[in-house]
Amino acid sequence: MHLNLEKVTSLAESVATPLGLRVYHLEMVGSGNGKILRIFIDRTQPRAIDTAAETEVIEEEDVSIESSGDVNKVSLKDCSDFSKAFSEKLDSEDPIEGAYHLEVSSPGVERVLVKMWHFQESVGENIYVQLNKPLADISNVDQKHGSRKKITGVLKSLSDEKLSIDFENTNVIVPFQNVSKAHVVFDFGNNTIARKRATMTKE
């Protein structure tokens, strides 16, 4: 399947902006007929959450939306509105060959961190980082932690595309280029949180 990611992202942003939304992240996952175009959207401005609407389950035509409520700003209606408008754009522009499944959701409380601005917005939060090299090869750490390629700690700051992470009471500097995967770590504790999601099948 050919995917013009730049064009798809541009189309997604052209739909999101008028709705007061932004495209947080976009990815194609899966293979064959099980491919999923997954888009995470977020609101550009804070707004109150409609508690009553958060517990709904809505099904109409080929759109399915479900949520049990969470702290994200994106609502069920946001996901539904974006999915329908974006689907029309995809039908018109046809930037993707073959069948795929369209999935739209909020980034979630454990949102993925891919771009530098994702990390910038997450300063002060607890994050999980998977490295492409052992920690000892990219940062000054003691022998005990030198072989580790996965760390969890508070993101303290960013400077010159380097992350400063408080890892086990040690300030660890991680170059952005050495991050292979990362996401926010949320302390669920007594919270019950689910992503708001809208899905649509494209053929």
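Cut-offs applied
Residues numbered from 1 in each chain as written. Predicted model: local features only at pLDDT ≥ 70, side-chain atom pairs only at ≥ 80, totals over all residues. Heavy atoms only, no water. Pairing = 2+ DSSP bridges. Helix = DSSP H or I, 4+ residues; strand = E, 2+ residues; numbered from the N terminus. pLDDT = per-residue confidence, 0-100. Contact = heavy atoms within 4.5 Å. Phe/Tyr/Trp six-rings, centres within 6.5 Å; stacked < 30°, edge-to-face > 60°. Buried < 20%, exposed > 50% of the residue type's maximum accessible area, 1.4 Å probe, protein only. Core = buried A, V, L, I, M, F, W, Y, C linked by side-chain atoms within 4.5 Å. Expected span 1.5 Å × (residues − 1). Axes fitted to C-alpha atoms, helices over the stretch in contact; angles between N-to-C directions. Parallel < 35°, antiparallel > 145°, perpendicular 65-115°, else oblique. Left-handed = near helix turned anticlockwise from the far one by under 90°. Nonpolar A, V, L, I, M, F, W, Y, C, P; charged D, E, K, R; others polar. Salt bridge = Lys/Arg side-chain N within 4 Å of Asp/Glu carboxyl O.

A. Region of interest: the pairing of strand β1 (residues 21–29). Note: β1 against strand β2 (residues 36–43), 8 bridges, orientation antiparallel. When the bridges of β2 are listed, V29 appears paired with I36.

B. Inspection of the confidence of the model for the protein chain at higher detail. Predicted confidence across the protein chain gives a mean pLDDT of 81, with 76% of residues reaching 70 or more. Note that pLDDT drops below 50 for residues 51–72; the model gives that stretch 57 contacts with residues more than four away or on any other chain.

C. Structural context of the packing of aromatic side chains. Overall, the coordinates contain 3 aromatic pairs when judged by the stated rule. Consider the rings of F119 and F176, whose centres lie 5.8 Å apart with planes at 85°: the pair is edge-to-face. Residue F119 is located in helix α3 (residues 116–120), and its partner F176 is located in the loop between β9 (170–175) and β10 (179–184); the two are separated by 57 residues in the primary sequence. Residue classification places F119 among the buried residues on the basis of a relative accessible area of 0%.

D. Representation of the nonpolar core within the structure. In terms of nonpolar packing, the biggest core is built from 20 residues, with L37, I39, I41, F82 and F86 touching the most fellow members. Mapped onto this core, the elements with two or more residues apiece are α1 (5–16), β1, β2, α2 (76–93) and β5 (100–105). The element contributing the most residues to this core is α1, with 5 residues. Dropping the residues within four chain positions of it, L37 is found in contact with V8, L26, E27, M28, F86, L90, I96, Y100, H101, L102 and E103. One finds L113, I151, L163 and V179 within the second-largest nonpolar core, a separate group that totals 19 residues.

E. Region of the structure containing α2. With 18 residues, α2 extends 26 Å from end C-alpha to end C-alpha; this agrees with the ideal 26 Å at 1.5 Å per step. Listed in full, the buried residues belonging to α2 are L76, D78, C79, S80, F82, S83, F86, S87 and L90. With its phi angle positive at about 50°, D94 sits one or two positions after the end of α2.

F. Representation of the packing of α1 against α2 within the structure. Relative to each other, α1 and α2 sit at 135°, their axes nearing to 9 Å. Compared by their axis directions, α1 and α2 come out oblique. When you trace α1 past α2, the crossing you get is right-handed. Along its contact with α1, which presents K7, V8, L11, A12, S14, V15 and A16, the element α2 presents F82, A85, F86, K89 and E93. Here the residues of the contact of α1 with α2 are counted per class, giving 8 nonpolar, 1 polar and 3 charged.

G. Representation of the pattern of salt bridges within the structure. On inspection of all chains with the given rule, the structure shows 9 salt bridges. Linking K77 and D81 is a salt bridge whose minimum nitrogen-to-oxygen distance equals 2.7 Å. Pair noted here: K77 and D81 are both in helix α2, with a separation of 4 residues, about one helical turn. Residue K77 is classed as exposed on the basis of its relative accessible area, which comes to 56%. A relative accessible area of 27% places D81 in the partly exposed class. Within this structure, R22, D42 and E121 form a network of salt bridges that share partners.

H. Here's a closer look at unusual backbone geometry. Even without glycine at this site, D94 takes up a positive phi of about 50°. In this fold, D94 is placed in the loop between α2 and β5. Using a relative accessible area of 55% as the deciding quantity, one classes D94 as exposed. Phi angles above zero are rare outside glycine, and D160 is one such case at about 50°. Tracing the sequence through the fold places D160 in the loop between β7 (150–159) and β8 (162–167).

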